[in-house]
Amino acid sequence: MKKLFQVYCFESGNYFKSKSFMLSTILICVLAIAAISLPGLLSGRSSGEKDSKENTNAIAETIALYDPDGIITDELLNSYGKAEIRRTKNEHEVKESVRSEESEAGFVIHSLYEYDYYVFNQSMMENSKELFSQLMSTAARMKYCKDNNLNYDELVQMDEKNIVCHENILGKDSRSNYFYSYILVILVFFVIVMYGMMIATSVANEKSNRTVEILVTSTSSTSLLFGKVLAGATAILFQLGLIFASLLGAYHLNRDNLDGMLDFILNIPADVLVTFAVFGLGGFLIYAFMYGALGALVSKIEDLNKSAGTAQMLVMIIYFLVLFQMQEPDGIIMKVLSFLPVSSYSAMFIRIAMGTVAVWEIILAAVILYVSVVGMGFIAAKIFRNSTLRYGNPIKLTNALKGLHSRE
């Protein structure tokens, strides 16, 4: 244990003393806080102006209108905004008024259900056309009510009568939980691939420059590999924990200003976060040991990608299987995946977030996962020991597995 602790401290120091690691962590945290806080501050600052400018910006301030049949009254037009109405004698005058920029918008009404819209330079926020279409729809309803001796006000009240639905979800709201579950699946996938390759690269580097020959004389292969993997797990917990804390903290402080617009992504229940941490850590550890063993099979860094292809392929298969089954979290495939140690790191927390799962299932899956982590650790350590002093061409994984029966 003493040797393991020494290796762990040394490898952890390499992470936390690395300027690139610390600077990237701080930079991501700052960007996360800024990305959440700035829109909230801007929306909060402009909220007082929003209502006062809503009507004036909704429709053009000057309008050229050709309405030969008198379908649109000034009273009706004024109800949609205080715009200056310039009625023209023909369609040509509307075009000229807009072309000379005397009018910001022009409308030529052909019938109760058809009109032409003219604008010189249309801005991205321009919505005069949409509001005028609503106005035409109102005029059509008013005419229909008049022709059929109906009360227009009563018709409007019926249209505006809202149906109230009190939604009561007794289980899980899969639609609301889908987005953050999807993001967490992608996150754990990238973490495993990125940090796993870092561990494999570290092992391959030490073997290629023969540093490992000195290390194995002072400590065991098990201590070396376990120390590297546990140090990597510590680094990832520190980095992701700090980023998550920055992101969630900034959002909760600005949630009111943002009107809760990111709740569907960042309002993650505590049980899902705990499950993600427990199973995500276990998933990372089991693949980290796998990557470490595969890194020991090569003597040159150039051969690492080929050797690590086995782990990469397995991670990709699990990744797509889980994504394709997210819409059926209680299906038989997801249930099986949630107990397999190579896939439970993502499948189980999806079942908790979006499906129905018993407590005993969570406990059993966690026990299987962490027992498998320990087993994978010792298997990887033995492959690491058997491959340490073997140089030349990359060692095949099948040959490495055949040598597991040899004694220390």
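From a predicted model like this one, the values you see are computed outputs, not experimental measurements.

Help me understand the sheet that holds strand E3 (residues 105-111) in this model?
Hydrogen bonding along the main chain pairs the strands of a sheet, whether they run parallel or antiparallel. Read from one edge to the other, the open sheet built from 4 strands follows the order E2-E1-E3-E4, with strand pairing classed as mixed. Taken across any chain shown, the strands that pair with only one partner, and hence form the sheet edges, are strand E2 (84-87) and strand E4 (114-118). Direction aside, the axes of adjacent strands within the sheet are offset by 25 degrees on average. The strands touched by helix H4 (residues 91-99) are strand E1 (62-66), E2, E3 and E4; relative to E3, the strand with the most contacts, the crossing angle is about 160 degrees. Packed onto the sheet, helix H5 (residues 128-147) meets E1, E3 and E4 and runs at close to 155 degrees relative to E4.

Where do I start with the pattern of salt bridges in this structure?
Oppositely charged side chains may form a pair once their charged atoms are brought near each other. Inspection of every chain in the model, using the stated rule, returns 3 salt bridges. When the shortest N-O distance is used, the salt bridge between Glu-96 and Arg-99 registers 2.7 Å. Pair noted here: Glu-96 and Arg-99 are both in helix H4, with a separation of 3 residues, about one helical turn. According to the relative accessible area criterion, Glu-96 is partly exposed, its value standing at 34%. For Arg-99, a relative accessible area of 47% gives the class partly exposed. Among the salt bridges present, the one from Asp-147 reaches Lys-143, with a minimum N-O distance of 2.8 Å. Of this pair, Asp-147 and Lys-143 both sit in helix H5, separated by 4 residues, roughly a single helical turn. Note on Lys-143: relative accessible area 41%, which makes it partly exposed.

Where do I start with unusual backbone geometry in this structure?
Trans peptide bonds make up the majority, and among non-glycine residues the majority have a negative phi. Despite not being glycine, Glu-101 has its phi angle at roughly 65 degrees, a positive value. Mapped onto the secondary structure, Glu-101 falls in the loop between H4 and E3. Of the residues examined, Glu-101 reaches a relative accessible area of 56% and is grouped as exposed. At Asn-149, a residue that is not glycine, the phi angle is positive and equals roughly 55 degrees.

Mind showing me how you'd approach the packing of aromatic side chains here?
Describing an aromatic ring pair means giving the distance of the ring centres and the angle of the ring planes. Applying the stated criterion across every chain, the model contains 15 aromatic pairs. Here Phe-107 and Phe-132 contribute two aromatic rings whose centre-to-centre distance is 3.8 Å and whose plane-to-plane angle is 10 degrees, an arrangement assigned as stacked. Within this pair, whereas Phe-107 is found in strand E3, its partner Phe-132 is found in helix H5, the two being separated by 25 residues in sequence. For the pair formed by Phe-107 and Phe-132, the shared burial category is buried. An angle of 50 degrees between the planes, with centres 4.7 Å apart, marks the rings of Phe-226 and Phe-289 as tilted. Of this pair, Phe-226 sits in helix H9 (residues 221-254) while Phe-289 is found in helix H11 (residues 270-295), placing the two residues 63 residues apart along the sequence. Both residues of the pair, Phe-226 and Phe-289, count as buried.

Criteria and cut-off values
- Residues numbered from 1 in each chain as written.
- Predicted model: local features only at pLDDT ≥ 70, side-chain atom pairs only at ≥ 80, totals over all residues.
- Heavy atoms only, no water.
- Pairing = 2+ DSSP bridges.
- Helix = DSSP H or I, 4+ residues; strand = E, 2+ residues; numbered from the N terminus.
- Axes fitted to C-alpha atoms, helices over the stretch in contact; angles between N-to-C directions.
- Contact = heavy atoms within 4.5 Å.
- Salt bridge = Lys/Arg side-chain N within 4 Å of Asp/Glu carboxyl O.
- Buried < 20%, exposed > 50% of the residue type's maximum accessible area, 1.4 Å probe, protein only.
- Phe/Tyr/Trp six-rings, centres within 6.5 Å; stacked < 30°, edge-to-face > 60°.

The quantities given are spatial measurements derived from coordinates; they are silent on function.
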